[in-house]
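Below, each chain spelled out in residue letters.
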Amino acid sequence: IVHDEILNAGLTEHTINRPFGTFCPPKLYIWMTSLAAVSGVHKYNPYAWQTFALNNFSVKINGAEIDNCKVGGSPNLAYHKSKLANGGDYFTPHPVYTNNSFFVVVDCRLQSDGNSLLLDTKGSLSITLRFGDELEGNVKVYVMGEVDSSFNVDNDRSVTCNYQI
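Note that the structure is a prediction, hence the values are computed from the model and not measured. (Residues numbered from 1 in each chain as written. Predicted model: local features only at pLDDT ≥ 70, side-chain atom pairs only at ≥ 80, totals over all residues. Heavy atoms only, no water.)

Draft legend 1. How the structure looks around the sheet that holds strand 9 (residues 125-131). Reading across the sheet, the four strands line up as 2-9-5-6 and stay open at both edges, with antiparallel pairing between neighbours. Each of the sheet's edge strands pairs with one partner strand only, and the pair in question is strand 2 (13-17) and strand 6 (64-70). Each strand axis lies, on average, 10° off the axis of its neighbour in the sheet, ignoring direction. As judged from the five bridges shared by strand 2 and strand 9, these two strands associate in the antiparallel manner. Of the residues in strand 9, the one forming a bridge with Ile16 is Ile127. (Pairing = 2+ DSSP bridges. Helix = DSSP H or I, 4+ residues; strand = E, 2+ residues; numbered from the N terminus. Axes fitted to C-alpha atoms, helices over the stretch in contact; angles between N-to-C directions.)

Encoded structure:
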């Protein structure tokens, strides 16, 4: 499931409240790109995910902070935390990550291991992004929630998903 918001030029802080209603996915992916690029301006690449001088981010569920990371001028800590939250294996190589492929992975499960199902919770999810400088242009931020679901395929090849938000 994906939620997106537009951040206006001049912002230094933005909070995304309840991007999926009361649903809190077990794993989040957050990335940002220029709104001009998404809108089709040819000189911009919509797949260039940038930090936009992101200073730090915070993720809370029901007011309890589950992740916080200082990004600043170097995304190395965010890279390490995102790699661990993703499970450690098969992650974007560091040179690619730091060159127009910046994104954040947040594991919202308090007691998790990589081999378990991603169990969803209900609550109030908020994501706060703080920027070191004012945004020079409009930015589109995406929040993607990863969910597991089971499904059945019957004799007529109809697929029934057993997942609800």
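Draft legend 2. The sheet that holds strand 1 (residues 2-7), seen in detail. The strand order across the open sheet formed by four strands is 1-10-4-7, and the pairing between neighbours is antiparallel. The sheet is open, and its two borders are formed by strand 1 and strand 7 (103-107), each paired with just one other strand. Going from strand to strand, the sheet's axes swing by 20° on average, the running direction of each strand aside. Against the sheet, helix 2 (residues 76-85) engages strand 4 (27-34) and strand 7, with an angle of about 45° to strand 7. (Contact = heavy atoms within 4.5 Å.)

Draft legend 3. Quick peek at empty space enclosed by the protein. The tally for this structure, following the rule as stated, stands at one cavity of 30 Å³ or more. Estimated volume of the largest cavity: approximately 40 Å³. Lining of the largest cavity is provided by Ile30, Trp31, Met32, Leu54, Phe57, Phe102, Val104 and Leu129. Elements represented by at least two residues in the lining of the largest cavity include exactly strand 4 and strand 5 (54-61). No other element matches strand 4, which puts three residues into the lining of the largest cavity. Looking at the lining of the largest cavity, its residues break down into eight nonpolar, no polar and no charged. (1 Å grid on protein atoms, 1.4 Å probe; cavity = no way out; pocket = protein on both sides within 12 Å on 5 of 7 lines; lining within 4 Å. Points joined across faces, edges and corners; volume = space filled by probe spheres on them. Nonpolar A, V, L, I, M, F, W, Y, C, P; charged D, E, K, R; others polar.)

Draft legend 4. Summary view of the pairing of strand 1. Here strand 1 shows a buried face lined by His3, Glu5 and Leu7 and an unburied face lined by Val2, Asp4 and Ile6. Sheet analysis places strand 1 next to strand 10 (residues 139-146), joined by six bridges and oriented antiparallel. When the sheet's bridge partners are listed, Asp4 is paired in strand 10 with Tyr142. (Buried < 20%, exposed > 50% of the residue type's maximum accessible area, 1.4 Å probe, protein only.)

Draft legend 5. Looking closely at unusual backbone geometry. Its identity as a non-glycine residue notwithstanding, Arg18 has a phi of 50°, on the positive side. By relative accessible area, Arg18 is classed as partly exposed at 40%.

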